[in-house]
Amino acid sequence: MDMLKLENKQLSLDKQFSLTGLMSMASRGIPEELLRNEVLIKELEEIAKDSALLHGVLMRTKESPNSSEVVSYAPFTLFPTPVPTVLFHQALEIATHFNRLIDRVSQSPRFLEEALASTIKVDSFTAKLFNIYRQVQQEPRDTPIVLGLNRSDYMIDHADGKEALKQIEINTIAASFGGLSSRTPYVHRHILKVADRLEESKLILDNSPAAGLAKGLALAWELYGSQRAVVMVLVEDVQRNIYDHRYVENELWARNIRVIRRQFEDVSRSGSLDQNKRLFVDGQEIAVVYFRNGYMPQNYKSEQSWEARLMMERSCAVKCPDISTHLVGTKKVQQELARPGVLESFFPDEPETVTRIRATFAGLYTLDMGEEGDQNVAMAMAKPDLYVLKPQREGGGNNIYGDEICRVLESLKNSTERTAYILMDKIQPRPTYNYLCRKGDPVTLKMCLSELGVFGAYVRRGTEVLMNECVGHLLRTKYAEHADGGVAAGVAVLDNPLLI
Ligand code: ADP
Ligand code: MG
Ligand code: MG
């Protein structure tokens, strides 16, 4: 039933865009005759997959997610996607401001308490994170070393004819694909050359988030100040995306910084704090804990995982992110930051910074109990297609769209349960046509939507900011028929911007 609805929707969308979409694509990037040349596409597909393998755009398979005996290419688009130059640069230029914003919000207990007060009453995952936050807040701390590695994601809205960069969210924990996106430019350059598009191939930008993320990790390690101590990457039990991590890890090894990979269970089993709160796991002192896990409820398999998280937070190891920075990445905080006057309170002397940040905000609406929340519920139910309903979850596939918004809000509208969600304007990006290369999936020309991510890295010791940089980008593209879902969820694939 739902499938059928989806297909019908796709058909009507296709009809609507078949001409305009391809025409605009033709004038903005990859020409239509190339996209329609089936013989060439077949050839390019094979070359592209080999190129991805040769250049290390790799992922373990669904069938054997914890073995490197048989691996495949990570999913990617056959062609890069046109992105307006001005908007691309706007996204890069704002990254250091978002770094500062996240860092400042993370140091404001009052704001975090107030922003999350209603959420933690009904969302047990956020409440558990918040509990840890409260506990560590009460403990005396030395001068902290803070390391933030984040990714701010955007779509280009063209709802009212003008194109504008609009933020989807900021990921302050386990922001992924900085490794693989350092390799994808080689694949698209090669494909464009084979397709006789040399000029476009020259437009594919270099990108090296892995190096920038590692630079932050290395600086935090150095500030920690013990040659013997290691960087611990906290990982999931299912490790399909291990190569993405390895690129960052190997940058650290190249600097002679030792790296170990451990799971919550390992920390529970063999982790401890000494009297100076130094963290030891398997007998090794940990300088930096780099969380590539711990962002979803199911990552915490038992109470022991939560205890391990608390132990790591209490330690003097640098946490990337620390618990307060993790909380800054919640959708609820994003919504509260969009309230009038809030950005001003974090940048009291920088009206221009406030303007630049706010320009990227879409409409964000509270569903807290009270008149404002009631109005927002009514607004969403009247025109659900204009909004996205978001719970406090990460990893893709959690949001609610269209008629489902009405169903959910109808059942929750008089209950505090609704405060587990926030409401957001739905961004309407301009679709483009492309082929997605995914293992086991025949390539077909379909309408796609793209999301641009920008990696930020910063390091602070006490009040001293020692690094604040934009370290690269990530373009992800999915078939337009999917409302939601990331690369890890098998929906979106890796892409590169073709600046136009
Ligand atoms: P997650 O933390 O799970 O990645 P996101 O907020 O990024 O949550 O939402 C997941 C996906 O849903 C995004 O990658 C995007 O495709 C889609 N999405 C989220 N918010 C919006 C929005 N406001 N407008 C349009 N699509 C959205
Ligand atoms: Mg996220
Ligand atoms: Mg996201």
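Residues numbered from 1 in each chain as written. Chains lettered and ligands numbered in written order. Predicted model: local features only at pLDDT ≥ 70, side-chain atom pairs only at ≥ 80, totals over all residues.

The name given to the chain in an unreviewed UniProt entry is Glutathione synthetase, with the source organism recorded as Pangasianodon hypophthalmus. Regarding the chain, the relevant UniProt record gives this comment under Sequence similarities (unreviewed entry): "Belongs to the eukaryotic GSH synthase family." Its UniProt record, at the heading Subunit (unreviewed entry), says of the chain: "Homodimer." (UniProt positions renumbered as here; feature names shortened; annotations may be inferred.)

Trainee: Before we move on, can you summarise unusual backbone geometry with the specific residues and values?
Mentor: Going from Cys 320 to Pro 321, the amide bond is cis rather than trans, its omega being 5°. Looking at the element boundaries, Pro 321 is found in the loop between β12 (318-320) and α14 (323-328). Although it is not a glycine, Phe 177 adopts a positive phi angle of roughly 75°. Assignment of secondary structure puts Phe 177 in the loop between β6 (164-171) and α8 (184-194). Residue Phe 177 is classed as buried on the basis of its C-beta count, with 26 C-beta atoms lying within 10 Å. Although it is not a glycine, Asp 282 adopts a positive phi angle of roughly 50°. For Asp 282, the position within the fold is in the loop between β10 (279-281) and β11 (284-291). Residue Asp 282 is classed as partly exposed on the basis of its C-beta count, with 14 C-beta atoms lying within 10 Å. (Helix = DSSP H or I, 4+ residues; strand = E, 2+ residues; numbered from the N terminus. Buried ≥ 20, exposed ≤ 12 C-beta atoms within 10 Å, placed from the backbone.)

Trainee: For the domain arrangement of the chain, give the residues involved together with the corresponding values.
Mentor: Segmenting the chain into domains produces domain 1 (2-362 + 427-499) and domain 2 (363-426). With centres defined by C-alpha atoms, the gap from domain 1 to domain 2 works out at 25 Å. Taken residue by residue, the interface counts 27 residues in domain 1 and 22 residues in domain 2. Looking at the side of domain 1 that touches domain 2, the elements that each hand over two or more residues are α6 (109-122), α7 (124-137) and α15 (331-337). Of the residues contributing to the side of domain 1 that touches domain 2, the split by class is 12 nonpolar, 10 polar and 5 charged. (Domains from an automatic or database assignment. Contact = placed C-beta atoms within 7 Å. Nonpolar A, V, L, I, M, F, W, Y, C, P; charged D, E, K, R; others polar.)

Trainee: I'd like to hear about the sheet that holds strand β14 (residues 387-391), residue by residue, with values.
Mentor: What the 4 strands build is an open sheet, ordered β13-β16-β14-β15; its pairing is antiparallel. Of all the strands in the sheet, the pair left with one neighbour each is β13 (364-365) and β15 (400-401). Here β14 runs beside strand β16 (residues 421-425); their pairing, made up of 5 bridges, is antiparallel. Counted as the bridge partner of Pro 391 is Tyr 421 from β16. (Pairing = 2+ DSSP bridges.)

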